[in-house]
Amino acid sequence: MEVLLDETRQLHDPVQFGSYLLTALLGYGSVGRVYRARAIGAPDLYALKVLHPDLFNPTRAREALAREAQVADALRRANSPHLLLPLRFEAIGAQEALVMPYVSGWTLKDILAWCFERKMKLNPTAVLDLMIQLCRGLHVAHELRIKGQVQSLVHRDLNPANLMVGRDGVVSILDFGIAKYRDRVGERTQIGRMVGTPHYLSPEQARGQALDRRSDIFALGSVFYEASTGRHAFPQPSVTDEPDAAARVRSVMASIVAVDPLLRDRAKIEEMGALITGAGDVLAACWAPDPDDRLPSAFDLQLRLALLRSLIKDEGWGMKEWVEAHAELLPPQVADGDFGRFGPPPEVLPDDAGHTSIFLPALRSDALEPLSDPAAPPISASAGPTQTRLP
């Protein structure tokens, strides 16, 4: 999920969608958008993840939302503050929506981008605090049991855009939409099919091989490196060096498949050791090419990180203190009425069958061309409240 920040746009009235009022666009992705929503007649705020109505493969996308709700239902019993879980999966008209708690804060991606723009880094104690919290949440997820059986859950997409930092400094993992686990409805492991975000894949994930929790440990290592240095662990070539986007992704995956903490990536290990005493060895244990040589669990990684933190003489700010010190300087939260850089808010209209769908003018196929031209006029849409027509 990419949060929209630092853009001044015209504000619009809320849009009614079922029993909710959509008040702002929080983020967007290839299969849907996330809106801040308010329950009609109540003060409660939610984040609604809604699928695009014209998806190429809507069935698979709906299944992903349903699976995320399914995994959340099982994980919610653990009551971990480090897992940001959906509350329910709702059919609203012709569309499905994942209803999530709304958290005031920033993704780690936002924070690292803000730091990068100012040529600053998170201090070591804040980084270790961040990573320890992530390990706590991930260990709970990995140990998920249903009817006494360990589910062998693997998140498969741990990256800074899926890690939320609240205003209270609590760090949580979100987006379990592609998580794999034992009793997942309709789950079939497809060897040779890669899922996840390229920069944070494990070698076995990049190859499309079978995964277990140790794949997530590799991804946590990549997040650890990026949080510490402010740079991708496995960067892609620039557009100038490689104009083809697919080739740039292949380059990232080739670097991950060839990872070698002792030789090829030794400079990164030494860089981490210079930033945080002992961190190089921990990163090498996360990045072992063979999963059998990797740290076996998030709990083991948490213990190693806690030891590093205990060795820091001048502790400095933890994540809570860092957020408190920078909250007024970090990008502001998306304002009510801000529906994104495309200008118009969504419209809620009946589809061909008379069922309600969210109409997203910015993503219509005939809108792609004008959107690619910054000088093109905005696509027209109703700026006022739109009433849903329920089936």
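It should be noted that the structure appears before, not after, this text.
Residues numbered from 1 in each chain as written. Predicted model: local features only at pLDDT ≥ 70, side-chain atom pairs only at ≥ 80, totals over all residues. Heavy atoms only, no water.

K.L.:
Before we go on, may I ask you to explain the sheet that holds strand β8 (residues 105-107) in this structure?
P.N.:
Backbone hydrogen bonds hold the strands of a sheet together, and the pairing may be parallel or antiparallel. Strand order in this open sheet of three strands is β8-β11-β12, and the pairing throughout is antiparallel. The open sheet has two edge strands with one neighbour each: β8 and β12 (171-173). Adjacent strand axes in the sheet meet at a mean angle of 25° when their direction is disregarded. Judged from the three bridges that link them, β8 and strand β11 (residues 163-166) form a sheet pairing that is antiparallel. Each bridged residue has a counterpart across the sheet, and for Trp106 the counterpart in β11 is Val165. Those strands touched by helix α3 (residues 124-142) are β11 and β12, and its axis lies near 40° from that of β12. (Pairing = 2+ DSSP bridges. Helix = DSSP H or I, 4+ residues; strand = E, 2+ residues; numbered from the N terminus. Axes fitted to C-alpha atoms, helices over the stretch in contact; angles between N-to-C directions. Contact = heavy atoms within 4.5 Å.)

K.L.:
Any chance you could explain the side chain of Arg214 here in plain terms?
P.N.:
Following the sequence through the fold, Arg214 ends up in helix α5 (residues 213-229). The contact partners of Arg214, leaving out residues within four places of it in the chain, are Glu204, Pro291, Asp292, Arg294, Leu295 and Pro296.

K.L.:
Please clarify how empty space enclosed by the protein should be interpreted in this entry.
P.N.:
The probe, sized like a water molecule, is rolled over the atoms to show the empty space still left. All told, the structure shown has two cavities of 30 Å³ or more when counted by the stated rule. Roughly 50 Å³ of internal volume is contained in the largest cavity. Lining the largest cavity, in full, are Leu112, Cys115, Phe116, Met120, Lys121, Leu122, Glu226, Ala227, Ser228, Thr229 and Gly230. Elements that contribute at least two residues to the lining of the largest cavity include exactly α2 (108-117) and α5. For the lining of the largest cavity, the leading source of residues is α5, giving four residues. A volume near 30 Å³ is recorded for the second largest cavity. Lining of the second largest cavity is provided by Arg156, Asp157, Leu158, Thr197, Tyr200, Leu201, Gln205 and Ala219. Classifying every residue of the lining of the second largest cavity by side-chain character gives four nonpolar, two polar and two charged. (1 Å grid on protein atoms, 1.4 Å probe; cavity = no way out; pocket = protein on both sides within 12 Å on 5 of 7 lines; lining within 4 Å. Points joined across faces, edges and corners; volume = space filled by probe spheres on them. Nonpolar A, V, L, I, M, F, W, Y, C, P; charged D, E, K, R; others polar.)

Honestly, that's just the spatial picture; any functional story needs more than this.
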